[in-house]
Amino acid sequence: MKEVSSNKNIKLSEHLASPSEAALSHSNELDGLRLSPHFTLGELTKTSYITADGNIPSRVAIDNLKNICENWLEDLRYSYNTLYGDRSQEIPLIITSGYRSEEVNRMCGGAVNSNHLTGCAVDIRCYGPEHMIRMAGILLDIADGTKKDFDELILEKRGTTYWIHFAVRPEDRSATKGDACQSKNRRKILFDCR
Ligand SMILES: [Zn+2]
């Protein structure tokens, strides 16, 4: 098994030799990769489903996860703590699901075209309706303040479990020079409470 290169340009193809080897690489080496100051790849790829593919994201999916962490989740974490936290202890932001391989997505009943498949979505744990609404409000404020688009902001509830499904797609940098980046983000805001 080859080692992860020490610079940030990880050659993920080297980690796909076999499912078991890939899974080992995943648990041992990739989990600690820092996507932003408060989030690691391990947090954004963890799953309770055990699959042969080891739930390993592609390089592009890692870039997409990094984009959400750097440009949205860090701001959300900071703003929530500033507005509602107690200074003695920082409140962590818990991601219950980030990247999902086809296999993991199928097992957890995810949508066929889910943004989780490309590393463009995260599920953020919320502790109740008040917490969920406050978090959603901050995400909208970040979008307004930075003039960035997001793809989905879905307030979800199943019984007494609350979370926000939040998705951001990358900007299309293939646009010809001089043009503004095309956004594939739809700013879709929904409630899915059952
Ligand atoms: Zn989700």
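Before reading on, note that the structure itself is shown above.
Residues numbered from 1 in each chain as written. Predicted model: local features only at pLDDT ≥ 70, side-chain atom pairs only at ≥ 80, totals over all residues.

**Comments concerning the sheet that holds strand β3 (residues 95-97)**
Thought 1: Reading across the sheet, the 5 strands line up as β3-β4-β6-β5-β7 and stay open at both edges, with mixed pairing between neighbours. The outermost strands of the open sheet, each flanked by one partner alone, are β3 and β7 (188-193). Mean inter-strand twist for the sheet, computed between neighbouring axes without regard to direction, equals 25 degrees.
Thought 2: When strand β5 (residues 152-158) meets strand β6 (residues 161-167), the two strands line up antiparallel, connected through 7 bridges. Across the sheet, K157 pairs through a bridge with Y162, a residue of β6.
Thought 3: Of the strands in this sheet, β4 (121-126), β5 and β6 touch helix α5 (residues 129-146), which is tilted by about 15 degrees from β6. (Pairing = 2+ DSSP bridges. Helix = DSSP H or I, 4+ residues; strand = E, 2+ residues; numbered from the N terminus. Axes fitted to C-alpha atoms, helices over the stretch in contact; angles between N-to-C directions. Contact = placed C-beta atoms within 7 Å.)

**Points about the nonpolar core**
Thought 1: Ranked by internal contacts, the top residues of the largest apolar core, which has 34 residues, are L44, L65, I124, M135, I164 and F166.
Thought 2: Of all the elements in the fold, those that place two or more residues in this core are α2 (41-45), α3 (59-84), β4, α5 and β6.
Thought 3: The element best represented in this core is α3, accounting for 8 residues.
Thought 4: Setting aside residues up to four positions removed in sequence, M135 forms contacts with L76, Y80, I124, C126 and I164. (Core = buried A, V, L, I, M, F, W, Y, C linked by C-beta atoms within 7 Å. Buried ≥ 20, exposed ≤ 12 C-beta atoms within 10 Å, placed from the backbone.)

**What about the packing of α3 against α5?**
Thought 1: Packing of α3 against α5 leaves a shortest axis separation of 10 Å and a crossing angle of 125 degrees. Taken together, α3 and α5 sit at an angle that is classed as oblique. Helix-helix and strand crossings are classified by hand; for α3 and α5 the assignment is right-handed. Where α3 abuts α5, its residues W72, D75, L76, S79, Y80 and Y84 lie against R134, M135, I138, L139 and I142.
Thought 2: Each residue belonging to the contact of α3 with α5 can be placed in one class, and the counts come to 8 nonpolar, 1 polar and 2 charged. (Parallel < 35°, antiparallel > 145°, perpendicular 65-115°, else oblique. Left-handed = near helix turned anticlockwise from the far one by under 90°. Nonpolar A, V, L, I, M, F, W, Y, C, P; charged D, E, K, R; others polar.)

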